[in-house]
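Next come the chains, spelled out residue by residue.
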Amino acid sequence: MSQPLEVVPAGSFCWNEQCPDYGVVAAGNLRRYGKTPGGVQRLQCKRCRKVFAATLGTPFYGIRNPDKMLLVLSLLAERVSLRGIHRMTRVKPDTTLVYLERAAAHVQIIEALLQRSYQVTRVQLDALWAFVGHKGEKGGTSKKRSAAPSGAPGQSTWTHGCGSAAP
Ligand SMILES: [Zn+2]
C-alpha cells in the first residue's frame, strides 16, 4: 500500500540535456523500462531513448530501499541512536550515515516525505538536522564532554527553531 511519492519529481521528466523534453514535467514521454538490479524502476524517454532510474535526481538515487531509508530517518528524528537503529532495522550505522547525508542534500523533499508518511514533527526534523551537524566527530575521538547524563539545562544550541513562538 505504498503510495507513489508525489512530492518527488522522480521520473517526471527526461534527464538528458540534449533532449527536447529535458526538464519538461509530465510531457508524456516516459515509459517504464524494466528495473535496475536493485529493483528500482527504470524509465525510458520516448524522445531520446535514454534510460535512467526513476529515482535519478532524488534523495533515493542508488538507494535500494527508499522506504527503509525514510524509516531510519524518522527514527533518527526521534533520537534513536545508531545502535538502536541497527537493532531495530538491521541498518548498519555506516549506512544510516549515508542516508543522513543523502537527506541533508535533499532537505525539502525529505522533510515533506517524513512529515507526510511518518508524521515526523518540525521539532523532530530539527533534531535530525542537528544530528547531521554532530556526526562530524566520528566515533574515534571520544571526547567525553563529561556532560551530566540527565543533561544540564542551558547549553543546548539548537533548540530554537526559527519562528516557532511557544506559548
Ligand atoms: Zn529524452
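First, a word on what this report is: a plain description of the structure on this page. This is a predicted model, so every value here is computed, not measured.

Turning next to the overall build of the protein chain. Scanning the protein chain for helices and strands turns up five helices and three strands. Mapped in sequence order, the helices and strands of the protein chain form the string β-β-β-α-α-α-α-α. When burial is assessed residue by residue, the protein chain has 31% of its 167 residues classed as buried. Residue pairs at least 24 apart in sequence account for 47% of intrachain contacts in the protein chain once pairs closer than 6 positions are excluded.

The next point concerns the pairing of strand 1 (residues 30-35). Sheet topology note: the strand 1/strand 2 (residues 41-45) ladder contains four bridges and is antiparallel. In the strand pairing of strand 2, Leu30 is matched with Cys45. Between strand 1 and strand 2, which pair antiparallel one after the other, the connecting turn spans five residues, and Gly39 there sits at a positive phi close to 90 degrees.

What follows deals with the coordination of the zinc ion. Those protein atoms acting as donors to the zinc ion are Cys14 (SG), Cys19 (SG), Cys45 (SG) and Cys48 (SG), and they sit at 2.2 to 2.3 Å. Going along the chain, you hit the donors of the zinc ion in the pattern C-x4-C-x25-C-x2-C. Per residue, the accessibility class of Cys14 equals that of Cys19, and both read buried.

Before going further, it helps to spend a moment on the pattern of salt bridges. Counted according to the given criterion, the structure contains three salt bridges. Between Arg122 and Glu111 there is a salt bridge, and its shortest N-O distance comes to 2.9 Å. Of the two residues, Arg122 is situated in helix 5 (residues 122-134) and Glu111 in helix 4 (residues 107-117); the sequence distance between them amounts to eleven residues. In this structure Arg122 comes out as partly exposed when scored by relative accessible area, which is 38%. Across the pair Arg122 and Asp126 runs a salt bridge whose closest N-O atoms are separated by 3.0 Å. Here Arg122 and its partner Asp126 are both found in helix 5, four residues apart, which amounts to about one turn of the helix. Taking the relative accessible area as the measure of exposure, Asp126 reaches 23% and is therefore partly exposed. Residues joined in a network through salt bridges with shared partners are Glu111, Arg122 and Asp126.

Cut-offs used in this document
Residues numbered from 1 in each chain as written. Predicted model: local features only at pLDDT ≥ 70, side-chain atom pairs only at ≥ 80, totals over all residues. Heavy atoms only, no water. Helix = DSSP H or I, 4+ residues; strand = E, 2+ residues; numbered from the N terminus. Buried < 20%, exposed > 50% of the residue type's maximum accessible area, 1.4 Å probe, protein only. Contact = heavy atoms within 4.5 Å. Pairing = 2+ DSSP bridges. Donors = N, O, S within 2.8 Å, 3.2 Å for Na, K, Ca; no water. Salt bridge = Lys/Arg side-chain N within 4 Å of Asp/Glu carboxyl O.

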